[in-house]
Amino acid sequence: MRKDDRLKIGIPLVIALVALAVYSLAWGLASLDFWRATQIMAQLDSDEAPIEAKRELLARGMQHLDNAQRLGGDHPDLFGQRGQLLFWQALHLSQAGKDRSALLSQASEQYRKALAMRPLWPYFWANLVVAKAEWGIFDLEFRKALRRTVETGPWEPRIQLQLIRLDFIEQHRLDPQSREHIDGMLIRALQTQPAAVLGLAVDLGKVPRVCGMSEAEHLIQQCEGLGWSRPE
């Protein structure tokens with residue numbers, strides 16, 4: 001092979017390898033920023049630091065996500081994580097009213113973007129449900145999101161507890177079909193994580209409802225220990 005021919009082959013190959021290396025580096029840095037944002041989210045949920053320290057943590061988390069998006073482009077997990085940070089901010093760092101509503105609206109929009117890219121991921125649907133419930137909006141989108149949560153993640157433990165908790169708190173604001181969907185989740189959760197369900201019922205004053213279900217027969221001793229007795 002002539003030298004000119006080797007150059008014609010070699011130069012494009014080198015360029016391609018350099019481009020791949022640059023892309024890989026950018027993607028690696030984006031992944032690192034995303035991981036740091038998830039760590040900050042976990043710290044916000046568990047840390048008892050002063051409010052100002054948490055504000056700084058939150059700002060750092062958002063900056064990491066901005067960096068990750070700049071380096072790696074749009075990604076559903078990135079949108080989902082930003083939604084979680086906005087949701088946390090709405091609950092812990094804002095006053096009730098317009099500020100909180102605006103943050104919950106922004107969080108919901110991030111979950112919508114995540115779902116547009118990954119429509120079968122139950123955690124994005126569940127997060128949208130919870131954000132809208134906290135926002136006080138139980139519209140058609142809420143009902144669709146709840147239905148899709150149940151359809152895509154019926155046996156996911158964390159999602160089961162999210163929806164059961166929502167039902168315990170907001171049942172009077174839910175439409176019959178939504179309550180029916182959550183009842184199915186409650187029945188499944190009583191099979192797979194009965195202690196967690198009963199603990200949630202104790203915390204939210206719903207022991208009679210749970211213990212009175214035929215599917216909770218295996219919890220009868222625990223229910224009686226809580227002062228519940230079977231109706232005559």
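Residues numbered from 1 in each chain as written. Predicted model: local features only at pLDDT ≥ 70, side-chain atom pairs only at ≥ 80, totals over all residues. Heavy atoms only, no water.

Moving on, we get to the packing of helix H6 (residues 140-152) against helix H7 (residues 157-170). Across the interface, H6 lies against H7 with an axial gap of 11 Å and an inter-helix angle of 140°. The two elements H6 and H7 cross, and the hand of that crossing is left-handed. Across from Phe142, Leu146, Thr149 and Val150 in H6, the residues of H7 making contact are Ile159, Leu163 and Leu166. In terms of residue class, the contact of H6 with H7 is built from six nonpolar, one polar and no charged. (Axes fitted to C-alpha atoms, helices over the stretch in contact; angles between N-to-C directions. Helix = DSSP H or I, 4+ residues; strand = E, 2+ residues; numbered from the N terminus. Left-handed = near helix turned anticlockwise from the far one by under 90°. Contact = heavy atoms within 4.5 Å. Nonpolar A, V, L, I, M, F, W, Y, C, P; charged D, E, K, R; others polar.)

Leu44, Leu85, Val129, Phe142, Leu146, Leu163 and Leu166 are the most contacted members of the largest nonpolar core, which totals 43 residues. Listed by contribution, the elements that provide at least two residues to this core are helix H1 (3-46), helix H2 (51-72), helix H3 (76-92), helix H4 (98-117), helix H5 (122-135), H6, H7 and helix H8 (176-192). Take this core: its biggest share by element is eight residues, from H5. Among all residues touching Leu44, those that are not within four sequence positions of it are Lys54, Leu57, Leu58, Leu85 and Trp88. Grouped together as the second largest cluster of nonpolar side chains are 17 residues, Phe168, Leu186, Leu190 and Trp228 included. (Core = buried A, V, L, I, M, F, W, Y, C linked by side-chain atoms within 4.5 Å. Buried < 20%, exposed > 50% of the residue type's maximum accessible area, 1.4 Å probe, protein only.)

If you check H7, its first and last C-alpha atoms are 20 Å apart, about what 14 residues at 1.5 Å a residue would give, namely 20 Å. Every buried residue of H7 is accounted for by Ile159, Gln160, Gln162, Leu163, Ile164, Leu166, Asp167, Phe168 and Glu170. Looking at the buried residues of H7, the elements they touch are H5, H6, H8, helix H9 (194-203) and helix H10 (207-211). (Expected span 1.5 Å × (residues − 1).)

Turning to H9, its buried residues number three or more, namely Val197, Leu198, Leu200 and Ala201. The arc that holds every buried residue of H9, seen down its axis, measures 160°, which confines them to one face. Opposite the buried face of H9, at more than 90 degrees from it, the exposed residues are Ala195 and Asp203. In this fold, the buried residues of H9 make contact with H7, H8, H10 and helix H11 (220-225). Once H9 ends, the next one or two residues include Gly205, with phi positive near 70°. (Arc of directions from axis to C-beta.)

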